[in-house]
Amino acid sequence: MPVSTDPEPVLEARRVSKRFPGVLALDEVSCALRPGEVHALVGENGAGKSTLIKVLTGVYRPDGGELRYRGEPVTFATPLQAQRSGISTIYQEVNLVPMMSVARNLLLGREPRNRFGIIDVAEMNARAERLLAEYGVRTDVRRPLRSLGVGAQQMVALARAASVDARVIVMDEPTSSLEPREVETLFGVVAELRRRGLAVVYVSHRMEELYRICDRVTVLRDGRLVHTGPLAELDRLELISLMLGRDLAAAPARRSTRGRPAASGSGGDGAGHPAPRTAAREAGPRGHAAHGGRAPVVEARNLTRRHVLHGVSVAVRPGEVVGLGGLLGSGRSETAKAIAGAVPLDDGEVIVAGRPLRRRTTTAAVRAGVSLLPEDRKAEGIVPTLSVRENIALAALPRLSRAGIVSDERIDRIVETFMRRLRIKAASPHQRVSELSGGNQQKVLLARWLAVQPKVLLLDEPTRGIDVGAKAEVRALIDELAEEGLGVLLISSDLQELVDGSDRVVVLREGAVVGELRGDEVTEQAIMATIARSRGADAATAAGPGEGEQDV
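Residues numbered from 1 in each chain as written. Predicted model: local features only at pLDDT ≥ 70, side-chain atom pairs only at ≥ 80, totals over all residues. Heavy atoms only, no water.

We now examine the sheet that holds strand β15 (residues 347–352). Hydrogen bonds between backbone groups are what pair the strands of a sheet, and the pairing can be parallel or antiparallel. Strand order in the open sheet made by the 4 strands is β13-β12-β15-β16, with antiparallel pairing throughout. Strand pairing shows two members of the sheet lacking a second neighbour, β13 (309–316) and β16 (355–356), which therefore form its edges. Docked against the sheet, helix α10 (residues 332–339) engages β12 (298–305), β13 and β15, running at close to 65° with respect to β13. (Pairing = 2+ DSSP bridges. Helix = DSSP H or I, 4+ residues; strand = E, 2+ residues; numbered from the N terminus. Contact = heavy atoms within 4.5 Å. Axes fitted to C-alpha atoms, helices over the stretch in contact; angles between N-to-C directions.)

Note that T335 resides in helix α10. By relative accessible area, which is 0% here, T335 ends up buried. Apart from the residues lying within four places of it in its own chain, the contact partners of T335 are L303, L309, V312, V314, L324 and L508. (Buried < 20%, exposed > 50% of the residue type's maximum accessible area, 1.4 Å probe, protein only.)

A word on the pairing of strand β1 (residues 11–20). By the bridge criterion, 5 bridges tie β1 to strand β4 (residues 64–69) in an arrangement that is antiparallel. Pairing of E12 across the sheet is with R68, part of β4. Where β1 and strand β2 (residues 23–33) come together, 7 bridges link them in antiparallel fashion. The partner of E12 across the bridge, within β2, is A32. A loop of 2 residues connects β1 with β2, the two strands running antiparallel in sequence, and G22 in this loop sits at a positive phi of about 80°.

We now examine the environment of R195. Position of R195 relative to the elements: it lies in helix α6 (residues 180–195). Assessed through its relative accessible area of 62%, R195 is described here as exposed. Along the sequence, R195 and G36 sit 159 residues apart, while their C-alpha atoms lie 6.3 Å from each other. Side chain to side chain, R195 and E192 meet in a polar contact 2.6 Å long. (Polar contact = N/O pair within 3.5 Å; in protein donor to acceptor, adjacent residues only side chain to side chain.)

Okay, the packing of helix α8 (residues 236–244) against helix α18 (residues 524–532) next. Contact geometry for α8 and α18: axes closest at 9 Å, N-to-C directions at 120°. In this view, α8 runs oblique relative to α18, as classed from their interaxial angle. Of the two elements, α8 crosses α18, and the hand of that crossing is right-handed. For the pair α8 and α18, contact is made by R236, L237, I240, S241 and L244 and by M528, A529, I531 and A532, respectively. The class makeup of the residues in the contact of α8 with α18 is 7 nonpolar, 1 polar and 1 charged. (Parallel < 35°, antiparallel > 145°, perpendicular 65-115°, else oblique. Left-handed = near helix turned anticlockwise from the far one by under 90°. Nonpolar A, V, L, I, M, F, W, Y, C, P; charged D, E, K, R; others polar.)

Considering all chains together, one arrives at 2 aromatic pairs under this definition. Geometrically, the ring pair formed by F20 and Y60 is edge-to-face, given 5.2 Å between the ring centres and 70° between the ring planes. Of this pair, F20 sits in strand β1 while Y60 sits in the loop between α1 (49–56) and β4, placing them 40 residues apart in sequence. (Phe/Tyr/Trp six-rings, centres within 6.5 Å; stacked < 30°, edge-to-face > 60°.)

So, on to the side chain of S204. As for its placement among the helices and strands, S204 is situated in the loop between β9 (199–203) and α7 (207–213). A polar atom in the side chain of S204 sits 3.1 Å from the backbone nitrogen of R206. Within the structure, the side chain of S204 is placed 3.2 Å from the side chain of E209, a separation counted as a polar contact. Non-local contacts of S204, meaning those with residues more than four positions away in its chain, are made with L41, V42, E173, E209 and L210.

Read across the open sheet, the 6 strands follow the order β17-β20-β21-β14-β22-β23; overall the sheet is mixed. At either end of the open sheet lies a strand with only one pairing partner, and these are β17 (370–373) and β23 (512–518). With direction set aside, neighbouring strand axes in the sheet form an average angle of 20°. Alignment of strand β20 (residues 456–460) against strand β21 (residues 487–491), held across 5 bridges, turns out to be parallel. Counted as the bridge partner of L459 is L490 from β21.

In this section: the confidence of the model for the protein chain. In the predicted model, the protein chain carries a mean pLDDT of 82, and 85% of its residues have values of at least 70. Between residues 278–289, whose pLDDT stays under 50, and residues either more than four places distant or in other chains, the model counts 43 contacts. Across residues 536–548, confidence stays below pLDDT 50; counting only partners more than four residues off in sequence or on other chains, it has 19 contacts. (pLDDT = per-residue confidence, 0-100.)

Another point: the environment of D165. By the element assignment, D165 lies in the loop between α5 (150–162) and β8 (168–172). The class for D165 is exposed, based on a relative accessible area of 68%. Between the C-alpha atoms of D165 and I87, which are 78 residues apart in sequence, the distance is 8.7 Å.

Excluding glycine, most residues fall at negative phi; most peptide bonds, likewise, are trans. The backbone phi angle of E173 is positive, close to 50°, even though this residue is not glycine. On the secondary structure map, E173 appears in the loop between β8 and α6. Phi is positive for H307, which is not a glycine, with a value near 70°. By the element assignment, H307 lies in the loop between β12 and β13. On the accessibility criterion, H307 (24% relative accessible area) is partly exposed.

Across soluble globular proteins, you tend to see nonpolar side chains buried next to one another. Counting 98 residues, the largest nonpolar core has L193 and L239 as its most contacted members. Top contributing element to this core by residue count: α5, with 8 residues. Split by domain, the residues of this core number at least three in each of domain 1 (11–244) and domain 2 (298–532). By size, the runner-up hydrophobic cluster in this structure holds 28 residues, among which are V298, A365, L372 and L489. (Core = buried A, V, L, I, M, F, W, Y, C linked by side-chain atoms within 4.5 Å. Domains from an automatic or database assignment.)

Okay, structure coming up:
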């Protein structure tokens, strides 16, 4: 792909740092954007991509380092100041005014006016039509923006961003809601922006898109810069290894688990990785023979949701831990939420203990025996203003009441049981859960769902954000629960955790199953290789109109 020979970056971050209370979000990150190039910005969840974008566009001020724009040091006090300087952003969620017309959205704040200062509607509509035509979009610009499809709204946002004398355009997951035909149109627009000499920052988790349209790439991990350079010099496997922080050559082979004792709170390798699955789980290679003949406790068939999941099928048997592998945006969390009734589906079914879930609601799923420990425990899990006791009892209240009257004695008995079993460290059951450590908060959530006696436990990043000792305790507890016959679906961005803790690993990419690994196949190398494998002719971006225009 053509790259500008002009060595002077149009926008540059030099050793930029950004701190939040208790978190170093960016740690001396450097990144240079050149005119006429499409620059990919990639990294897993929490890598610092969003923070860097917000620093570049004036949402945040850096705490260290400097920004340089067109060769000069610069400080953007507000996003408006950055926009007026020529830096525009297109967010994943369209950030326009749905009630206004397409034309008003395109020229908002820049409407043409007649000599009396009144908006010249006819001229505004004519300009809007010409502007959209440049990007292959034909529509009635007098229509309310909300009447357009999401893809067309995204194109309106792009046309607006490019029309404000922009020199840099930041695109945050621009194709996440687009149809293949609309993706082709977008790629045509990106190529035109490159031809005009604009710098484009392209944030996406879709490998095919990155390798198709991007010239250079910056990889962030845990708030640090781990690589920047021409994308063509990295193959997919190398790029994924950089994102995940796993050196493919140095990745450990699958560790034998035969005869190993169960992991305890102090067991493991000293780095927060407990001893792998125990011998009792290992009747066959990696436990598969022990589970293969048993009926699934939960089975998801052909789970489909537009732009999110594409025919995902997965089954978990009693006593089995099935891992879901994949990069950010691959559909792991969405699969778990769909099974738990938290994500509406266009097609597919969930079967629990041989019975289909007729109602796709979280209430129906919990009653059937499906419990979900969500990825974001603070936003979707704990109730911070309630006590440990109240948080644990929350889901079990219907079972602990008769005629609408809750038995305090039964609640106290259950809370005491799970606080002792899970070794929850709190001053008392009446202590506010927000005052506990992250690891103990996670244990409180586990206790809440174990209290409803589930058949299957869906764990989404169960050890994220907790300390090393707590990680070992949580992982040991997962093994213990599986040995007692509970089915577990384990989602983790930590490949070693996924390999050591799973009997099988189902690998997802872009909302679809791309492979399943069993027994000795379950290694970090195999997971990364499966993620990196190209879809070839099946790529969603392969279809589209030759002329690059769309009617909306």
